[in-house]
Amino acid sequence: MPRKSRIDTAGAIHHIMVRGIEKGKVFKGDADKDHFLERLGEILQDTKTPCYAWALIPNHFHLLLRTWIIPISTVMRRLLTGYALWFNRTHHRHDHLFQNRFKSILCQEDSYLLELIRYIHLNPIRAGLVLDLEELGRYPYAGHSVLMKKLKKSWQDVEGVLGMFGQRVGPARQAYQEFVEGGIAQGRRQDLTGGGLIRSVGGWEALKAMKKEKRYQRSDERILGDGHFVDQVLASAEEALENRHELRVRGFDLTKIASRVAEVLSVKPEDIWARGRYRKIVEARSLFCYWAVRELGVSMSSLSSKLGISIPAVGKSVIRGRQIAEKRECSLLS
């Protein structure tokens, strides 16, 4: 069967897992991990993508991210492509580094956010990289040490995570520590590493009980959450596809978007394709990029090629474009 397309929407929480090809190492030493984290931090800050948890293991890594303005697939493409090129060049290799495409599970926030933060941060203990919670608090390659104030990563949302445990930082940090400690005995949890009905309801026994009681709920392997949440996510994804289809039916392409931007900002359509940092050109290009990416679904790599600017520059333009659209209260269709 063909793979289903990824589901993504602004505000979505994604548990991302990336493994080395044939279970090979993606980090051969601390220098690799340090470079990866530096690259990760730059991309998350560039795209304003919130990060709640992360852990690096020699042959794989976990991230817990929230989609903001830039699609999660774009964020990950920049991260994986850039790191793989650097890794191969550094270690004099030419093969693929990562196994297939990255795995991303869209998660129900209320039910799973805290559980996933704990599960991801306990990975180094389960992998035998550290002995206990005290060592984990000093381990520089997982987000737990940042939350425990032993390490600083400006791109990790410490305030947001600790805020879920209390208003005062000190007691909140202690409550978080106790919460994480309570998860050590749970070991590996298959219910947190993927989507689908079995994981969403809590395992085979829970599923059997539901069937016995003739209770049914919708499921999807790309989503971790209850039936109502799955319905909401799929409906939102279907609506986005329908909106893009409607735009294309009405003849919207990059040329027509450029004309709409020119109308809104009182510029010429050709100004959007012009080089330069003049304020009007930058504003027009930004709004153009935002509508092209978020409304029409154009890839940032495609826009990068057409506009003659880097993918990170397109990402920043998308973010500025959203601000312009909100400030002017304008949309692509009106």
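In what follows, the structure referred to is the one given above.
Cut-offs applied
- Residues numbered from 1 in each chain as written.
- Predicted model: local features only at pLDDT ≥ 70, side-chain atom pairs only at ≥ 80, totals over all residues.
- Heavy atoms only, no water.
- Helix = DSSP H or I, 4+ residues; strand = E, 2+ residues; numbered from the N terminus.
- Buried < 20%, exposed > 50% of the residue type's maximum accessible area, 1.4 Å probe, protein only.
- Contact = heavy atoms within 4.5 Å.
- Areas by Shrake-Rupley, 256 points an atom, 1.4 Å probe, with all protein chains shown as cover.
- Axes fitted to C-alpha atoms, helices over the stretch in contact; angles between N-to-C directions.
- Parallel < 35°, antiparallel > 145°, perpendicular 65-115°, else oblique.
- Left-handed = near helix turned anticlockwise from the far one by under 90°.
- Nonpolar A, V, L, I, M, F, W, Y, C, P; charged D, E, K, R; others polar.
- Expected span 1.5 Å × (residues − 1).
- Arc of directions from axis to C-beta.
- Core = buried A, V, L, I, M, F, W, Y, C linked by side-chain atoms within 4.5 Å.
- Pairing = 2+ DSSP bridges.

Enquirer: Please set out the overall build of the protein residue by residue, giving values where relevant.
Expert: Scanning the protein from terminus to terminus reveals 15 helices and five strands. By residue count, 49% of the 334 residues in the protein fall in the buried class. Counting contacts in the protein only where the partners sit at least 6 residues apart, residues at least 24 apart contribute 69% of the total. Summed over all atoms, the accessible surface of the protein reaches about 17,500 Å², with 49% contributed by carbon and sulfur.

Enquirer: I'd like a description of the packing of helix α12 (residues 254–265) against helix α13 (residues 279–295), backed by residues and values.
Expert: Contact geometry of α12 with α13 gives a least axis separation of 9 Å together with a crossing angle of 135°. When the axis of α12 is compared with that of α13, the two are oblique. When the axes of α12 and α13 are compared, the crossing they make is right-handed. Residues L254, I257, A258, R260, V261, V264 and L265 of α12 form the contact with α13, whose own contacting residues are K280, E283, A284, L287, F288, W291 and A292. Here the contact of α12 with α13 is composed, by residue class, of 11 nonpolar, no polar and three charged.

Enquirer: Pulling in residues and values, what's your account of helix α8 (residues 169–181)?
Expert: With 13 residues, α8 extends 18 Å from end C-alpha to end C-alpha; this agrees with the ideal 18 Å at 1.5 Å per step. Among the residues of α8, those classed as buried are A172, R173, Y176, F179 and V180. Buried residues of α8, viewed axially, fall in a sector of 120°; they line one side.

Enquirer: Before we move on, could you go through the nonpolar core and cite the residues and values that matter?
Expert: In this structure, F61, M76, F288 and L303 are the most contacted members of the largest nonpolar core, which totals 94 residues. Top element by residues in this core is helix α2 (residues 72–90). It accounts for nine residues. The contact partners of F288, leaving out residues within four places of it in the chain, are L254, I257, A258, V261, I272, W273, L303 and L307.

Enquirer: Report on unusual backbone geometry, specifying residues and quantitative values.
Expert: Despite not being glycine, K48 shows a phi value in the positive range, around 55°. On the secondary structure map, K48 appears in the loop between α1 (30–47) and β2 (51–57). Residue K48 is classed as partly exposed on the basis of its relative accessible area, which comes to 45%. The phi dihedral of H92 falls on the positive side, at around 55°, and the residue is not glycine. Locating H92 in the fold gives a position in the loop between α2 and β4 (103–107). Here H92 falls in the exposed class, since its relative accessible area comes to 72%.

Enquirer: Can you explain the pairing of β2? Please cite residues and give values.
Expert: Burial runs high along β2: seven of the seven residues are buried. In this sheet, strand β3 (residues 60–66) lies alongside β2 in antiparallel orientation, the contact comprising six bridges. Across the sheet, residue L56 finds its bridge partner in β3, namely F61. Linking β2 back to β3 in an antiparallel pair, the connection comprises two residues.

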